Number of protein chains: 2
Amino acid sequence: MERIKPRTLSGFMELLPQKQAQFERMTEILRTTYGLYGFAPLDTPAIEDAQILLAKGGGETEKQIYRFQKGDNDLALRFDLTVPLAKYVALHANELAFPFRRFQISKVYRGERAQRGRFREFYQADIDIIGDTKLDILNEAEIPAIIYRAFTGFGLSRFQIRVNNRKILNGFYAMQSLSEQSGDVMRTVDKLDKIGAEKVRKILTEDLQISPEKADAVLSFIAIRGTNEQVLTALEGYRGQNELFDKGLDELNAVTRNLSAFGVPENNFAVDLTIARGLDYYTGTVYETTLLDHPEIGSVCSGGRYDDLAGYYTDRQLPGVGISIGLTRLFYVLDEQGLLNPELPCAPADVLVLPMTEDIAPAISLAESLRSQGIRVQLYGEQKKFKQKMSYADKLGVPFIILLGEDELAQSKCAVKNMVTGEQVLLTADEAAAHILSGKYTGPIILEN
Amino acid sequence: MERIKPRTLSGFMELLPQKQAQFERMTEILRTTYGLYGFAPLDTPAIEDAQILLAKGGGETEKQIYRFQKGDNDLALRFDLTVPLAKYVALHANELAFPFRRFQISKVYRGERAQRGRFREFYQADIDIIGDTKLDILNEAEIPAIIYRAFTGFGLSRFQIRVNNRKILNGFYAMQSLSEQSGDVMRTVDKLDKIGAEKVRKILTEDLQISPEKADAVLSFIAIRGTNEQVLTALEGYRGQNELFDKGLDELNAVTRNLSAFGVPENNFAVDLTIARGLDYYTGTVYETTLLDHPEIGSVCSGGRYDDLAGYYTDRQLPGVGISIGLTRLFYVLDEQGLLNPELPCAPADVLVLPMTEDIAPAISLAESLRSQGIRVQLYGEQKKFKQKMSYADKLGVPFIILLGEDELAQSKCAVKNMVTGEQVLLTADEAAAHILSGKYTGPIILEN
């Protein structure tokens with residue numbers, strides 16, 4: 001037979017079983033966390049009508065999208081989870097209860113230039129809360145608690161949720177009569193950390209033709225730093241000059257006020273006036289999340305408040321707030337950085353049962369009894385030498401094996417061997433179950449250095 | 001703004017949140033069950049190189065496949081999970097431990113003619129055990145236990161796992177010197193239930209030109225029915241005439257012998273000589289699973305033993321055994337038949353917390369405390385009339401609500417209302433958690449009539 005060389009397309013993540021087990025754990029933590037906050041799981045098609053996906057149209061998206069014909073249909077693979085959500089909510093608005101909270105952890109597709117750490121197929125893990133006409137600020141205040149619970153669930157502690165409010169930014173630029181240039185100004189200011197204040201000032205005054213006074217005002221506004229308390233106090237100094245600004249400050253206060261009730265430590269939260277997140281879509285609170293020891297990764301969980309989710313599909317006003325985690329990239333980076341806890345067992349089974357007798361019925365019964373107690377059991381039936389069986393157990397990385405020979409059967413017991421410590425004990429089936437369950441390693445997924 | 005009418009492509013399942021919750025439960029049961037038998041979760045790309053996906057080539061597959069160009073790449077969406085598994089195992093063979101057990105629950109794509117109950121995007125839930133050169137019969141014997149645990153996990157009891165062995169069929173046809181016509185004969189015999197024995201005999205003797213004696217031999221072989229014991233005994237009558245047949249009978253005995261150790265009741269299992277499952281791929285045990293009260297659905301879980309998983313990609317001999325559940329179709333049919341348990345709460349939250357005071361910090365703290373105990377809590381912050389809040393709770397279908405007003409706060413308690421019984425009790429936070437957890441309805445997903 002002529003053979004075709006097997007390969008996986010570049011830009012597509014395909015993990016070996018042990019890595020996959022770690023990835024699944026991260027997914028599971030997100031599912032659980034999102035569930036604890038009352039988000040319903042949603043699953044939309046990966047393929048949509050291209051006209052619908054591209055309603056917003058233009059730009060990078062159109063170039064990157066996987067688009068194709070099938071019969072008379074102009075189809076495309078989703079490139080994010082927000083557009084399909086907008087379509088879903090517009091389509092089913094009369095059947096949904098608002099606020100509508102959904103999470104979706106699904107693959108999206110972007111035909112970007114292949115590059116190390118860039119993926120063409122990757123998971124996004126999104127939550128959104130959609131209101132009908134209105135949406136209370138409490139929903140925006142709750143988002144940092146969700147991020148905090150998810151990231152601590154991963155085992156991380158050295159991360160920071162950075163929050164700003166677009167109304168504050170837009171209000172401030174309106175005060176300075178810089179609204180029309182606010183896009184250019186924000187993009188310039190974004191480079192502050194890289195090029196320094198002097199160069200920013202130069203670009204503002206020379207390239208953008210902004211007066212030195214206004215450039216200084218912008219620089220001193222952006223320079224507001226300190227504890228959340230200090231930043232909020234400094235912002236109060238601007239109150240009363242612009243209605244939008246004042247509203248934004250009220251919202252920022254509301255988002256910050258209940259942090260301790262939400263269980264989010266001050267350490268993991270910062271009001272940061274440099275966060276802007278794009279120009280048009282977000283209209284209120286915006287979020288970014290950075291790993292303190294890995295600023296080079298950039299934000300690993302971002303989002304914000306928007307006023308109009310589905311304007312391309314419906315005249316119904318659907319404001320919302322949402323965040324997205326680029327899970328594939330996050331996992332890739334954590335793995336690259338060596339942060340995945342190597343102690344965590346990644347075997348597909350908690351125990352490998354090795355029958356050592358002709359009649360394997362007792363081994364089967366034992367395996368089924370352990371399974372009924374929630375233990376993941378692999379029954380090993382291959383005719384191999386004992387040494388090969390042990391080598392297989394090692395390769396899988398199972399934490400326990402059970403040996404069941406004539407001696408053990410005669411005593412109605414089984415020999416349970418801990419593969420880490422080497423300790424071997426003779427136990428009844430129920431004792432073995434308890435022994436295996438209590439011996440489960442339950443450390444964090446991620447180990448910070 | 002010009003609006004585009006939102007729609008979901010025909011043949012693509014998109015569920016409302018409550019239905020989605022039920023679907024997720026079925027998926028979860030499969031994940032757990034497959035996990036209990038030591039299968040590792042696997043996730044392969046939805047897009048593969050078209051040359052690789054179509055290595056086997058030809059036929060219906062090629063017509064149905066979603067295939068498209070992106071840059072210079074000839075790409076296609078997977079149409080099943082077996083071909084990607086074959087590629088994966090061939091590609092990573094040196095890094096895997098054999099036997100390699102994996103499960104994958106993923107969407108596959110087939111551009112079939114749209115038709116009620118037919119999907120173009122649908123989930124398959126597959127398990128496979130792949131051996132390196134050899135694979136013990138114990139793996140084949142274990143499959144019915146997995147099917148049994150999964151289907152009883154759904155809440156089903158009226159189902160039957162039907163098992164046959166291709167070696168018995170091929171061996172029998174060899175005995176009758178009908179090997180070359182065995183495909184045609186099996187296809188004819190397959191119509192037995194529909195057209196009756198007389199017509200089958202007519203086709204065999206007239207269309208296929210088989211002698212009346214052989215036709216009768218085929219009919220009487222296929223007519224072997226009864227308990228597993230009776231069928232196996234009848235098959236012993238053919239022993240000694242063909243080596244392949246004898247090997248198949250040994251295998252069928254091995255698969256049947258330990259059923260009770262595996263915990264599979266006789267009722268849910270039948271040796272059935274009419275099961276054949278395609279012609280070339282399967283080489284040993286074959287499985288089908290039918291719902292006894294819904295034979296019109298056909299098999300809902302099928303598979304078998306094969307000798308050569310990845311011959312198109314590697315010269316390594318990789319025998320295996322696997323089964324597949326067409327989960328989207330199964331769910332669709334169960335829903336259509338009204339079998340999804342309507343009592344099962346499908347709300348995204350276990351409790352909706354309604355703050356009734358100006359300061360919402362206590363409600364937030366309560367919500368976080370309940371979440372830390374594993375309770376799914378939605379905090380409701382919208383400024384609405386009480387009646388509207390209750391109507392929202394009803395629409396979501398939450399089993400409990402918590403009211404937190406000044407009176408409750410003064411006593412450090414909260415009012416927990418059971419939305420099914422209407423009963424309302426005043427409890428501390430910890431009591432509320434215990435009350436909600438103990439009040440969780442935990443019936444089966446599927447209710448048989």
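This is a predicted model, so every value here is computed, not measured.

Before going further, it helps to examine the relation of the copies chain B and chain A. Here chain B sits on chain A after a turn of 180° about the axis and a move of 0.0 Å along it, with an RMSD of 0.1 Å. The superposition of one copy onto the other is thereby described by a two-fold rotation axis. Within chain B, F68(B) has its C-alpha nearest the rotation axis, a separation of 3.0 Å. Taken together, the interface assignments show that 100% of the residues at the interface of chain B recur at the interface of chain A, consistent with an identical surface on both copies.

Our focus in this paragraph is the pattern of salt bridges. Scanning all chains against the criterion turns up 58 salt bridges over all chains. When the shortest N-O distance is used, the salt bridge between D132(A) and R316(A) registers 3.3 Å. With D132(A) in the loop between strand 6 (121-130) and helix 5 (137-154) and R316(A) in the loop between strand 10 (302-306) and strand 11 (320-326), the pair connects residues that are 184 residues apart, well separated along the chain. Taking the relative accessible area as the measure of exposure, D132(A) reaches 28% and is therefore partly exposed. What makes R316(A) partly exposed here is its relative accessible area of 25%. Note that K87(B) is salt-bridged to E48(B), the shortest N-O span being 3.1 Å. Linking K87(B) in helix 4 (residues 82-92) with E48(B) in strand 2 (residues 47-49), this pair joins segments that are 39 residues apart in sequence. Its relative accessible area of 1% is what places E48(B) among the buried residues. Through salt bridges that share partners, R101(A), E142(A), R149(A), E368(B) and R371(B) make up one connected network.

Counted according to the given criterion, the structure contains 37 aromatic pairs over all chains. Look at F119(A) and Y332(A): their rings are 5.4 Å apart centre to centre, the planes differ by 75°, and that puts the pair in the edge-to-face class. Remark: Y332(A) occurs in helix 12 (residues 327-336) and F119(A) occurs in the loop between strand 5 (100-109) and strand 6; sequence separation between them is 213 residues. Judged on exposure class, the residue F119(A) and its partner Y332(A) are both buried. An aromatic cluster is present here, built from Y66(A), F68(A), Y109(A), Y66(B), F68(B) and Y109(B) joined pairwise through their rings. The positively charged end of K70(B) is found above the aromatic ring belonging to Y66(A), 5.4 Å away from the centroid. Stacked on the ring of F39(B), the Lys or Arg R101(B) has its end atom at 5.0 Å from the ring centre.

All names here are of chain B. As for its placement among the helices and strands, V300 is situated in the loop between strand 9 (282-291) and strand 10 (302-306). The exposure class of V300 is buried, given its relative accessible area of 7%. Between the alpha carbons of V300 and L330 there is a distance of 6.6 Å; along the sequence they are 30 residues apart.

This part takes up the pairing of strand 9 of chain B. Residues and elements named next belong to chain B. Summarising burial for strand 9: 10 of the 10 residues are buried, a large majority. Direction of pairing for strand 7 (residues 159-165) relative to strand 9: antiparallel, over a ladder of seven bridges. Pairing of N164 across the sheet is with V286, part of strand 9. Bridging between strand 9 and strand 10 involves three bridges; their strand directions are antiparallel. Opposite Y287, over in strand 10, you have G303 as the bridge partner.

Right, let's talk about the side chain of T8(B) for a bit. Considering the arrangement of structural elements, one finds T8(B) in the segment before helix 1 (17-36). A distance of 2.8 Å separates the side chain of T8(B) from the side chain of K87(A), its partner in a polar contact. Polar side-chain contacts of T8(B) include one of 2.7 Å to the side chain of E14(B). Excluding its chain neighbours within four sequence positions, the residues that come into contact with T8(B) are P45(A), K87(A), L91(A) and E14(B).

Here we take up the confidence of the model for chain A. Per-chain confidence: chain A averages 94 in pLDDT, with 99% of residues scoring 70 or above. The ipTM for the predicted assembly is 0.96, set against a pTM of 0.96.

Residue and element names in this part refer to chain A. At a minimum axis distance of 7 Å, the contact between helix 6 (residues 166-175) and helix 11 (residues 243-257) shows a crossing angle of 155°. Considered as vectors, helix 6 and helix 11 are oriented roughly antiparallel to each other. Viewed along their axes, helix 6 and helix 11 form a crossing whose handedness is left-handed. Between helix 6 and helix 11, the contacting residues are K167, I168, N170, G171, F172 and M175 on the first element and L244, F245, K247, G248, L249, E251 and L252 on the second. Among the residues forming the contact of helix 6 with helix 11, the class breakdown is seven nonpolar, three polar and three charged.

On the chain A side, the residues contacting the 103 residues of chain B number 103 residues. Buried surface at the junction of chain B and chain A, both sides included, amounts to about 8,700 Å², of which 57% is carbon and sulfur. Linking chain B to chain A there are 12 salt bridges. Between R31(B) and E24(A) there is a salt bridge; the shortest N-O distance is 2.7 Å. In this structure, the connection of chain B to chain A is made through 54 residue pairs in polar contact (both at pLDDT 80 or more).

Turning next to the pairing of strand 6 of chain A. Residue and element names in this part refer to chain A. With 10 of 10 residues buried, strand 6 lies mostly within the body of the structure. Of the two faces of strand 6, the one lined by E121, Y123, A125, I127 and I129 and the one lined by F122, Q124, D126, D128 and I130 are each fully buried. The pairing of strand 5 with strand 6 spans 10 bridges and is antiparallel. By the bridge assignment, F103 is partnered in strand 6 with I127. Direction of pairing for strand 6 relative to strand 11: antiparallel, over a ladder of seven bridges. Counted as the bridge partner of D126 is S324 from strand 11.

Procedures and definitions
Residues numbered from 1 in each chain as written. Chains lettered and ligands numbered in written order. Predicted model: local features only at pLDDT ≥ 70, side-chain atom pairs only at ≥ 80, totals over all residues. Heavy atoms only, no water. Least-squares fit on C-alpha atoms with pLDDT ≥ 70 in both. Contact = heavy atoms within 4.5 Å. Salt bridge = Lys/Arg side-chain N within 4 Å of Asp/Glu carboxyl O. Helix = DSSP H or I, 4+ residues; strand = E, 2+ residues; numbered from the N terminus. Buried < 20%, exposed > 50% of the residue type's maximum accessible area, 1.4 Å probe, protein only. Phe/Tyr/Trp six-rings, centres within 6.5 Å; stacked < 30°, edge-to-face > 60°. Lys NZ or Arg CZ within 6 Å of the ring centre and 35° of its normal. Pairing = 2+ DSSP bridges. Polar contact = N/O pair within 3.5 Å; in protein donor to acceptor, adjacent residues only side chain to side chain. pLDDT = per-residue confidence, 0-100. Axes fitted to C-alpha atoms, helices over the stretch in contact; angles between N-to-C directions. Parallel < 35°, antiparallel > 145°, perpendicular 65-115°, else oblique. Left-handed = near helix turned anticlockwise from the far one by under 90°. Nonpolar A, V, L, I, M, F, W, Y, C, P; charged D, E, K, R; others polar. Buried area = accessible area lost by both parts, 1.4 Å probe.

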